[in-house]
Amino acid sequence: MAATVQHDQPRGDDELLARIAGGNQSALSELIARHGRGLRMFAARYLGNAGDAEDVAQEVFVTVWKQAARFDPAKGRASTWLYRITANRCIDQRRRRALRSFIGLDDIRDEVAAPEADAEATTAARQELAIVRDGLSRLPERQRMAVLLRAVGDLDIAAIAEVMGGSIGSAEQLLVRGRRALRDHLAMAAVSRERESS
């Protein structure tokens, strides 16, 4: 009976990072394919801008290419390391955006709408999404980051604490407060919509 061929199985993130540290570009491509979408989604939700999120994701993978040798699997998971880099780049991006805004160099955002079959359902979904985004934007920065790491990054509380450089207890509190504030915001928006329709 033939043995199972190991090289046909997907490589682990730790192995990919080791190969990237050795200068292997195909390993970087594989890591991007595996984590790029999730990191971009996290950055887009945190920053509220898909263009800025794309810039952040590119910065993250440039950093990974340059610093893959610094990753130590004994200190945590590769995905946690990637999200920590992304969180730091998001903070940097927000600071740059705040500076641009302060000196009057805001970027004009053009959003291209995709053609949709059901305009009414699309409008309702967009309104709901806008309410959630508004609620997220109103959260204090650390609460917003914790909620997004959980919801978009699918990280557990220990990983969130590690990414944010805090304790597990503080990460739990940030999530509890952030979720409560979002629920309250959604409830207030629902009441407001009911009043407008009646």
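What counts as what
Residues numbered from 1 in each chain as written. Predicted model: local features only at pLDDT ≥ 70, side-chain atom pairs only at ≥ 80, totals over all residues. Heavy atoms only, no water. Core = buried A, V, L, I, M, F, W, Y, C linked by side-chain atoms within 4.5 Å. Buried < 20%, exposed > 50% of the residue type's maximum accessible area, 1.4 Å probe, protein only. Helix = DSSP H or I, 4+ residues; strand = E, 2+ residues; numbered from the N terminus. Contact = heavy atoms within 4.5 Å. pLDDT = per-residue confidence, 0-100. Salt bridge = Lys/Arg side-chain N within 4 Å of Asp/Glu carboxyl O. Axes fitted to C-alpha atoms, helices over the stretch in contact; angles between N-to-C directions. Parallel < 35°, antiparallel > 145°, perpendicular 65-115°, else oblique. Nonpolar A, V, L, I, M, F, W, Y, C, P; charged D, E, K, R; others polar. Arc of directions from axis to C-beta.

## A short note on the nonpolar core
One finds Leu 17, Phe 42, Val 64 and Leu 149 to be the most contacted residues of the largest nonpolar core, which totals 45 residues. Of all the elements in the fold, those that place two or more residues in this core are α1 (13-21), α2 (25-47), α3 (50-67), α4 (78-102), α6 (141-151), α7 (157-164) and α8 (168-197). The greatest single-element share of this core, amounting to nine residues, is contributed by α2. Not counting residues up to four positions away in its chain, the partners in contact with Val 64 are Leu 17, Ile 20, Leu 28, Leu 31, Trp 81, Leu 82 and Ile 85.

## Points about the confidence of the model for the protein chain
The share of residues in the protein chain with pLDDT of 70 or more is 80%, and the mean pLDDT across the chain is 82. Across residues 1-10, confidence stays below pLDDT 50; counting only partners more than four residues off in sequence or on other chains, it has two contacts. Below pLDDT 50 for its whole length, residues 107-117 participates in eight contacts with residues either more than four positions away or in separate chains.

## What to know about the pattern of salt bridges
Here the idea is simple: oppositely charged side chains can pair when their charged atoms come close. The full count for this structure, using the stated rule, is six salt bridges. In this structure, Arg 34 engages Glu 30 in a salt bridge whose closest nitrogen and oxygen atoms are separated by 3.5 Å. Note that Arg 34 and Glu 30 are positioned in helix α2 at a spacing of four residues, about one turn of the helix. Under the relative-accessibility criterion, Glu 30 is labelled partly exposed at 25%.

## What to know about the packing of α7 against α8
The description of two packed helices rests on the angle between their axes and on the distance between the axes. Closest axis-to-axis distance for the α7/α8 pair is 8 Å, and the angle between their directions is 100°. As summarised for this structure, α7 and α8 are arranged roughly perpendicular, according to the angle between their axes. Residues Ile 157, Ala 158, Ile 160, Ala 161 and Met 164 of α7 form the contact with α8, whose participating residues are Ile 168, Ala 171, Glu 172, Leu 174 and Leu 175. Considering only residue class, the contact of α7 with α8 consists of nine nonpolar, no polar and one charged.

## Examining α1
Since the α-helix packs 3.6 residues into each turn, any two residues three or four apart lie on the same face. Every buried residue belonging to α1 is among Asp 13, Leu 16, Leu 17 and Ile 20, and all of these are buried. Mapping the buried residues of α1 onto a view down its axis gives an arc of 100°, with all of them on the same face. Positive backbone phi, at 90°, marks Gly 23, one or two positions downstream of α1.

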